[in-house]
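# Secondary and tertiary structure notes
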Amino acid sequence: MGELTGKVALVTGASRGVGKGIALALAQQGAVVYFTGRTVNEGEASVDLPGSLSSTQQEIEADGGIGIPLQCDHTSDEQTRAVLQRIEQEQGQLDILVNNAWGGYEHYWDGTKFWEEQGFWTAPLNRWDRMFDAGVRAQYVTSSFAVPLLLKSSGGLIVNISFIASRKVDMGVAYGAAKAASDHMTACMAHELYPQGVTVLSLHPGLVRTESVLKAGVFDLSNSHSPEFVGLAVSALYRDAEKLAFSGKTLDVLQVALDLGYTDLDGKQPVPGM
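Below is a summary of the structure that appears in this document. These figures come from a predicted structure and were not determined experimentally. (Residues numbered from 1 in each chain as written. Predicted model: local features only at pLDDT ≥ 70, side-chain atom pairs only at ≥ 80, totals over all residues. Heavy atoms only, no water.)

### Points about the side chain of S162
- Along the chain, S162 turns up in the loop between β5 (157-161) and α5 (173-193).
- Excluding residues that lie within four positions of it along the chain, S162 makes contacts with K179, S182, D183, S202, L203, H204 and P205. (Helix = DSSP H or I, 4+ residues; strand = E, 2+ residues; numbered from the N terminus. Contact = heavy atoms within 4.5 Å.)

### Quick word on the nonpolar core
- Core analysis: the biggest nonpolar cluster contains 38 residues, and V11, I22, L26, L203 and V234 have the highest contact counts within it.
- Looking at this core element by element, the count peaks at eight residues for helix α7 (residues 227-239).
- With residues near it in sequence (within four places) discarded, I22 still touches V11, V98, I161, P227, V230, G231 and V234. (Core = buried A, V, L, I, M, F, W, Y, C linked by side-chain atoms within 4.5 Å. Buried < 20%, exposed > 50% of the residue type's maximum accessible area, 1.4 Å probe, protein only.)

### Some words on the pairing of strand β2 (residues 32-37)
- When you tally the buried positions in β2, you get six out of six residues, the bulk of the element.
- Here β2 shows no split at all, with V32, Y34 and T36 on one side and V33, F35 and G37 on the other all buried.
- Across four bridges, strand β1 (residues 8-11) lies against β2 in parallel orientation. Its bridge partner being in β2, V11 is matched across the sheet by F35.
- When β2 meets strand β3 (residues 66-71), the two strands line up parallel, connected through six bridges. Bridging from a neighbouring strand, G37 pairs with Q71 of β3. (Pairing = 2+ DSSP bridges.)

### Here's the deal with the packing of helix α1 (residues 17-28) against helix α2 (residues 53-62)
- As a packed pair, α1 and α2 sit with axes 9 Å apart at the nearest point and diverge in direction by 25°. By the angle between their axes, α1 is roughly parallel relative to α2. Between α1 and α2 lies a crossing whose hand is right-handed. Across the interface between the two elements, K20, A23, L24 and A27 of α1 pack against S55, T56, E59 and I60 of α2.
- In terms of residue class, the contact of α1 with α2 is built from four nonpolar, two polar and two charged. (Axes fitted to C-alpha atoms, helices over the stretch in contact; angles between N-to-C directions. Parallel < 35°, antiparallel > 145°, perpendicular 65-115°, else oblique. Left-handed = near helix turned anticlockwise from the far one by under 90°. Nonpolar A, V, L, I, M, F, W, Y, C, P; charged D, E, K, R; others polar.)

### As for α1
- Its twelve residues place the ends of α1 17 Å apart at the C-alpha level, agreeing with the 16 Å of an ideal helix rising 1.5 Å per residue.
- Most of α1 sits inside the fold, with eleven of its twelve residues counted as buried.
- Taken together, the buried positions of α1 are G17, V18, G19, K20, G21, I22, A23, L24, A25, L26 and A27.
- One or two steps after α1, the chain reaches G30, where phi turns positive at roughly 105°. (Expected span 1.5 Å × (residues − 1).)

Here is the structure:
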């Protein structure tokens with residue numbers, strides 16, 4: 001039996017990238033994993049990258065796991081509500097919520113000459129809106145709908161996927177501000193949910209070998225990690241009997257692995273702070 005057998009998880013934004021890796025890792029450990037995305041089948045994505053709900057489901061099932069794909073645009077409150085209603089109807093519980101879905105990356109694919117931008121004042125104003133609407137607000141809304149189900153479980157966990165841009169000033173104004181908002185929102189959520197025994201934390205991945213990173217071909221991958229490595233962190237944190245001590249904190253995926261004693265799928269141990 002897997003270490004998460006009997007548990008139910010929801011991972012948003014899991015057609016590809018980090019979200020897909022998290023869904024795969026949680027399913028491999030025995031959880032029933034619901035996962036969302038906008039792309040149902042290969043070749044239908046708005047970006048020139050592989051990945052879809054159907055391919056994620058196929059990989060989960062090929063490993064013997066249980067994955068349930070749900071098409072959802074998390075800028076729609078009603079679509080998000082429907083996802084949680086279905087989980088409640090079919091499972092009656094939710095143990096882990098991973099808010100991974102994010103927006104605002106469209107400029108990499110929509111023809112915007114972002115490399116010519118001289119600063120935030122030359123960037124399209126809607127980049128801010130996408131970062132906050134499809135990112136921060138989506139995390140807030142999904143969590144709001146999920147909390148009643150999490151309260152039915154013992155020791156529920158909400159993980160908001162963020163990034164070190166929240167602490168830097170050189171990664172874009174909209175991106176940095178949105179990630180900082182996500183991290184602070186996490187701390188506020190944790191404060192309100194601590195008395196109910198629900199842990200809420202932000203998780204910062206390192207350099208992840210996602211489809212977009214591999215396609216770019218410009219990154220030094222010597223200290224990178226797999227998308228599944230983030231899912232291993234989620235699983236390890238959920239299973240930690242003292243996880244409430246982490247509530248409200250922002251954690252580095254690489255440091256979590258060192259502290260809780262596991263490696264990436266290839267046996268390597270990426271080093272924090274590089």
